[in-house]
Structure formats: C-alpha cells, structure tokens
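Architecture at a glance
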Amino acid sequence: AQSVTQLDSQVPVFEEAPVELRCNYSSSVSVYLFWYVQYPNQGLQLLLKYLSGSTLVKGINGFEAEFNKSQTSFHLRKPSVHISDTAEYFCAVIFNFGNEKLTFGTGTRLTIIP
Amino acid sequence: DAGVTQSPTHLIKTRGQQVTLRCSPKSGHDTVSWYQQALGQGPQFIFQYYEEEERQRGNFPDRFSGHQFPNYSSELNVNALLLGDSALYLCASSLEAAGGTEAFFGQGTRLTVV
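Residues numbered from 1 in each chain as written. Chains lettered and ligands numbered in written order. Predicted model: local features only at pLDDT ≥ 70, side-chain atom pairs only at ≥ 80, totals over all residues. Heavy atoms only, no water.

Another point: the overall build of chain B. Check the secondary structure of chain B and you find 0 helices and 11 strands. Taking 13 Å as the expected radius of gyration for a compact globule of 114 residues, we find that chain B reaches 13 Å, a close match to that expectation. Principal-axis analysis of the C-alpha atoms gives chain B an extent of 40 × 25 × 25 Å. Looking at chain B as a whole, 51% of its 114 residues qualify as buried. Residue pairs at least 24 apart in sequence account for 53% of intrachain contacts in chain B once pairs closer than 6 positions are excluded. Within the structure as shown, chain B displays about 5400 Å² of accessible surface, and the carbon and sulfur contribution to it stands at 50%. Between the averaged position of the 8 positive side-chain charges in chain B and that of its 11 negative side-chain charges there is a distance of 13 Å. (Helix = DSSP H or I, 4+ residues; strand = E, 2+ residues; numbered from the N terminus. Rg over C-alpha atoms; globule rule 2.2 N^0.38 Å. Buried < 20%, exposed > 50% of the residue type's maximum accessible area, 1.4 Å probe, protein only. Contact = heavy atoms within 4.5 Å. Areas by Shrake-Rupley, 256 points an atom, 1.4 Å probe, with all protein chains shown as cover. Lys, Arg positive; Asp, Glu negative; His and termini not counted. Charge placed at Lys NZ, Arg CZ, Asp CG, Glu CD.)

Pasting the structure below:
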C-alpha cells in the first residue's frame, strides 16, 4: 500500500541549532514530494517540493530537503532554527501522476526551545 | 490577490444534522480538493472537483458529497453528522494545466459535532 511515514511525532530543538525532520514513503514508482507547514489555527503552506531534477530542493524560510530514491526518503532540514519555526510539519506525496491527490504523513510538531 | 478562502471558520453542529462548507479557490485555479484533518492527524483526501465533476474520491462514505460551481467555487456537504466528523476541513485549489503540483490551502473550517 502507498503510505507516507513521519516517524517523529515531536521534535524539540534549541534555538539556532540545526534540525532534520524525517519522511519516508512506500512506492516503487516515481512520485512527487512535498513539505507543508501548518502554524497554529491556520491552513497549510507549501515549504518546498520535488518534482524532478536535482535531488536537493531549497524552499522558503531557509528550509531544504533531499530526495533519496534508494531509501525512499525526503528529509527536511534547516541549519539554524528560530522561534518562529515552531509549527507542525507535514510531508506529502503524489503517488500517481495526473492524479493530484496528496497523501500526507501524520505530521511532526517542531518545538523551538529558547 | 486573494488566496483560498473558506467559510465559515468555525461551526458547531448536533449529531444527525447536515452541514455545508464553502470554498473559493485562488484566482485562476480551476481544481478544488477537500481534505479532512482530525485532531493530531495529517489531512485525509475526501474528493476533488474539476469542471464541475467529482473527479476522484478518497475513502469517505456517501454522507460526504460536494459540488463545484461554474466560477470554480465549491461546497462540501456532510449529512447525518457523527461525532467522528469533528475535524478541520481544508480546501485546496490548484491549476489543472500545472498538473496540480502546487496546491494552495485555505485556513480551514473547524467543525465540531456535539
């Protein structure tokens, strides 16, 4: 079955420290990959996406993610986090091209410790 | 440029009642998708509308129905509400010609069933 796994439900990180949020998916065919951020009581905002090409993708707010086909992973990273990065982060996948349905992981709550 | 707008923002209904949620897509977008996000979970795909037709559907019962109007706006209807229908309902719009690879989300409607 096609699924998206975010193993870390919560990640506490000190301010200005680096962070990595993990995302793995199950599929043997090509996929489109996305990271969304959700601030409290708000909708989802697209951070970055991988469709094809370079496996290192840069997004907004200093985030980047690397696509690893052999490990079916798309981990999100930021070299130095800020208090304003406190939010819920969702990894999402389009498994079937031409089918715009997003399949989301369960989310990772990033908490920044001052 | 207004993004995706949803109304109402909050709603409280009683079990067994019916509810209608509304969504206006981002200007220029022609495809609308609806997602249900239960507390502490990632969004789950309900269905998608394009050219006023339901194009695909997730694993939701027939109590969930929708409509898309000629101006691309959309409604989500839920009949015979259950306590388990309490969730944040998110609308996302995208452009079919772009392959739907950049979905813009609204702020959501928080539905509470009591």
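Now that the structure has been shown, the text picks up again.
Moving on, we get to the overall build of chain A. Counting its regular elements, chain A contains 0 helices and 12 strands. Reading chain A from its N end, one meets helices and strands in the order β-β-β-β-β-β-β-β-β-β-β-β. Relative to the compact-globule value of 13 Å for 114 residues, chain A shows a C-alpha radius of gyration of 14 Å, a close match. Principal-axis analysis of the C-alpha atoms places the extent of chain A at approximately 40 × 30 × 20 Å. Looking at chain A as a whole, 45% of its 114 residues qualify as buried. Considering only contacts in chain A between residues 6 or more positions apart, those separated by 24 or more positions represent 55%. Put simply, chain A shows about 5500 Å² of open surface, and 50% of that area lies on carbon and sulfur atoms.

Glancing now at the interface of chain B and chain A. On the side of chain A, 19 residues touch chain B, which itself brings 23 residues to the contact. When chain B packs against chain A, close to 1700 Å² is buried across both sides, 49% of that on carbon and sulfur atoms. The interface formed by chain B and chain A contains 1 salt bridge. The tally of links between chain B and chain A comes to 5 residue pairs in polar contact (both at pLDDT 80 or more). Put simply, the parts of the chain that give the side of chain B that touches chain A at least two residues each are strand 4 (31–37), strand 5 (44–50), strand 6 (53–57) and strand 9 (87–94) of chain B. Here the side of chain B that touches chain A is composed, by residue class, of 7 nonpolar, 13 polar and 3 charged. (Buried area = accessible area lost by both parts, 1.4 Å probe. Salt bridge = Lys/Arg side-chain N within 4 Å of Asp/Glu carboxyl O. Polar contact = N/O pair within 3.5 Å; in protein donor to acceptor, adjacent residues only side chain to side chain. Nonpolar A, V, L, I, M, F, W, Y, C, P; charged D, E, K, R; others polar.)

Attention now goes to the nonpolar core. If you look at the biggest cluster of nonpolar residues, it comprises 28 residues, and the most contacted ones within it are A:Leu33, A:Trp35, A:Leu47, A:Leu48, A:Phe74, A:Leu76 and A:Tyr89. Per element, the largest residue contribution to this core is 4 residues, and it comes from strand 10 (residues 87–94) of chain A. Here A:Leu47 is in contact with A:Trp35, A:Tyr36, A:Val37, A:Gly59, A:Ile60, A:Asn61, A:Phe63, A:Leu76 and A:Tyr89, once residues within four sequence places are set aside. If you look at the next biggest cluster of nonpolar residues, it comprises 20 residues, including B:Val4, B:Val19, B:Val32 and B:Cys91. (Core = buried A, V, L, I, M, F, W, Y, C linked by side-chain atoms within 4.5 Å.)

Attention now moves to the pattern of salt bridges. Residues and elements named next belong to chain A. Tallied over the entire structure, the rule returns 11 salt bridges over all chains. The salt bridge involving Arg22 is made with Asp8; its shortest N-O contact spans 2.9 Å. Here Asp8 lies in the loop between strand 1 (3–5) and strand 2 (10–14) and Arg22 lies in the loop between strand 3 (19–21) and strand 4 (24–26), a separation of 14 residues in the sequence. Glu64 is the salt-bridge partner of Lys58, the closest N and O atoms lying 2.9 Å from each other. Among the residues examined, Lys58 registers a relative accessible area of 62% and is labelled exposed. Classification of Glu64 as partly exposed rests on a relative accessible area of 22%. Shared partners join several salt bridges into a network, and the residues in it are Glu20, Glu66 and Arg77.

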